[in-house]
Amino acid sequence: MTNGEHAMDEETRALLDTARHVVEALAAAHRLLGREDQALLDLQAHTASAAGGDRAATLRRMRDRVGETARHLATGVGILAQFVGMVQIGIDGQYSQRADGKLHTPLAALDSRDYLLSEAVDTLVEAIDALRAAYAPTRKHPGLTRPQDRQAMAQVVGHLLDAAREMETMLGTDQADIESYTANVLEQLALLERICQPLPDRPDAAMSDDAAVQRVLMDPELTAKVLQGAKHMKVLAPQTARKATSTT
């Protein structure tokens with residue numbers, strides 16, 4: 001513990017610990033994104049060799065969004081590291097001063113803690129939005145826009161959720177800010193949590209009907225195949241009915 005931290009009150013020390021936890025969570029999420037990007041890169045190479053135009057474009061978009069997520073997380077880690085350093089040193093914004101001691105506002109000021117915290121929140125929101133966009137289903141290939149490394153992405157979302165909950169405690173007591181944050185961050189993460197959770201075992205004869213339905217709904221590829229089959233059955237149904245009528 002530094003001399004500066006010895007002089008901190010309990011509330012400031014708790015704020016510092018929370019910020020460190022957020023940094024650790026964001027850094028862990030950033031590290032794990034490499035597994036998903038590599039999996040997408042491998043699939044993209046295979047798709048390119050198979051000359052799948054629309055599929056290749058979808059995979060490029062997914063990689064772009066994962067890359068954007070990583071950039072936002074890297075920015076967030078840097079902002080919060082600056083925040084932690086300023087708390088440790090005891091600086092909370094500063095203007096230059098004139099010879100008479102009055103503030104000299106024409107020159108750039110040091111960032112305040114509130115400003116850095118606001119920037120960190122915005123960066124986290126942007127990272128989550130980018131990750132959500134990576135898995136937005138497409139009309140032509142709804143089954144393709146899914147995590148390729150579900151184990152890694154489930155952990156990524158878990159770390160982001162930890163960071164988001166910790167950061168919520170740093171927002172103060174403004175109810176409007178907290179409600180807006182919850183709507184923009186925690187609801188999106190709840191959706192990502194469902195998208196990225198590891199799949200249960202593949203359906204088999206021993207699986208209950210409810211478990212089989214859950215397995216299908218959790219896998220966009222299976223869902224797309226079921227929907228495609230349902231459309232095919234819808235087309236065949238009138239033909240089957242006409243054949244049955246003609247034979248009676």
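Residues numbered from 1 in each chain as written. Predicted model: local features only at pLDDT ≥ 70, side-chain atom pairs only at ≥ 80, totals over all residues. Heavy atoms only, no water.

## Digging into the pattern of salt bridges
If you walk through the whole model with that rule in mind, you get four salt bridges. Two residues, arginine 63 and aspartate 37, come together in a salt bridge whose shortest N-O distance is 2.9 Å. Remark: aspartate 37 occurs in helix α2 (residues 10–49) and arginine 63 occurs in helix α3 (residues 53–89); sequence separation between them is 26 residues. The residue glutamate 68 makes a salt bridge to arginine 65 at a minimum N-O spacing of 3.0 Å. A residue pair is termed a helical-turn pair when its members lie 3 or 4 positions apart in one helix, as glutamate 68 and arginine 65 do in helix α3 at three residues. Arginine 65 gets classed as partly exposed once you look at its relative accessible area, which sits at 24%. (Salt bridge = Lys/Arg side-chain N within 4 Å of Asp/Glu carboxyl O. Helix = DSSP H or I, 4+ residues; strand = E, 2+ residues; numbered from the N terminus. Buried < 20%, exposed > 50% of the residue type's maximum accessible area, 1.4 Å probe, protein only.)

## A short note on the environment of leucine 107
Structurally, leucine 107 can be placed in the loop between β2 (103–104) and α4 (113–134). Residues leucine 107 and glutamine 97, spaced 10 residues apart in sequence, show a C-alpha to C-alpha distance of 9.5 Å.

## Structural notes on empty space enclosed by the protein
Going through the model one piece at a time under the given rule, you end up with one cavity of 30 Å³ or more. Around the largest cavity, the lining residues are Leu26, His72, Leu73, Gly76, Leu80, Ala120, Thr123, Leu124 and Met167. Those elements giving two or more residues to the lining of the largest cavity turn out to be α3 and α4. Of the residues contributing to the lining of the largest cavity, the split by class is six nonpolar, three polar and no charged. (1 Å grid on protein atoms, 1.4 Å probe; cavity = no way out; pocket = protein on both sides within 12 Å on 5 of 7 lines; lining within 4 Å. Points joined across faces, edges and corners; volume = space filled by probe spheres on them. Nonpolar A, V, L, I, M, F, W, Y, C, P; charged D, E, K, R; others polar.)

## Examining the confidence of the model for the chain
Interpreting fine coordinate detail is not advised for predicted regions of low pLDDT. Scored by pLDDT, the chain comes out at a mean of 82, with 75% of its residues at no less than 70. Within the chain, the lowest mean pLDDT, 48, falls on helix α1 (residues 3–6), and the highest, 96, falls on strand β1 (residues 96–97). Confidence drops under pLDDT 50 across residues 1–6; counting only partners more than four residues distant or on other chains, this segment forms eight contacts. (pLDDT = per-residue confidence, 0-100. Contact = heavy atoms within 4.5 Å.)

## Some remarks on the nonpolar core
Residues Tyr135, Leu160 and Leu189 are the most contacted members of the largest nonpolar core, which totals 51 residues. Of all the secondary structure elements, the ones that give two or more residues to this core are α2, α3, α4, α5 (150–168) and α6 (175–196). Look past the residues within four positions of leucine 189 in its chain and what remains in contact with it is Ile128, Val157, Leu160, Leu161 and Ala164. (Core = buried A, V, L, I, M, F, W, Y, C linked by side-chain atoms within 4.5 Å.)

## Comments concerning the side chain of threonine 69
Structurally, threonine 69 is set in helix α3. Overall, the relative accessible area of 0% leaves threonine 69 in the buried class. A distance of 2.9 Å separates a polar atom in the side chain of threonine 69 from the backbone oxygen of arginine 65. Polar contacts involving the side chain of threonine 69 include one to the main-chain amide nitrogen of leucine 131, which spans 3.2 Å. Sequence-distant contacts of threonine 69, that is, excluding residues within four places in its chain, are made with Leu33, Ala127, Ala130 and Leu131. (Polar contact = N/O pair within 3.5 Å; in protein donor to acceptor, adjacent residues only side chain to side chain.)

## Let's talk about the packing of α5 against α6
At a minimum axis distance of 9 Å, the contact between α5 and α6 shows a crossing angle of 165°. Relative to α6, the element α5 is oriented roughly antiparallel. Remark: the crossing between α5 and α6 carries left-handed chirality. Of the residues in α6, those touching α5 at Arg150, Met153, Ala154, Val157, Leu160, Leu161, Ala163, Ala164, Arg165, Met167 and Glu168 are Ile178, Tyr181, Thr182, Val185, Leu186, Leu189, Leu192, Glu193, Ile195 and Cys196. Residues belonging to the contact of α5 with α6 are distributed by class as follows: 16 nonpolar, one polar and four charged. (Axes fitted to C-alpha atoms, helices over the stretch in contact; angles between N-to-C directions. Parallel < 35°, antiparallel > 145°, perpendicular 65-115°, else oblique. Left-handed = near helix turned anticlockwise from the far one by under 90°.)

## So, the environment of alanine 163
Inspection of the secondary structure assignment puts alanine 163 in helix α5. Separated by 141 residues in the primary sequence, alanine 163 and valine 22 have C-alpha atoms spaced 4.6 Å apart. Not counting residues up to four positions away in its chain, the partners in contact with alanine 163 are Val22, Ala25, Leu26 and Tyr181.

## Some thoughts on α6
Taking 1.5 Å as the rise per residue, α6 with 22 residues should run 32 Å; its terminal C-alpha atoms sit 30 Å apart, in good agreement. Turning to α6, the residues buried within the fold contact α4 and α5. (Expected span 1.5 Å × (residues − 1).)

## Here's the deal with the packing of α4 against α6
Where α4 contacts α6, the axes come no closer than 10 Å and their chain directions differ by 35°. For α4 against α6, the interelement crossing comes out left-handed. Where α4 abuts α6, its residues Val121, Leu124, Val125, Ile128, Asp129, Leu131 and Arg132 lie against Tyr181, Val185, Gln188, Leu189, Leu191, Leu192 and Ile195.

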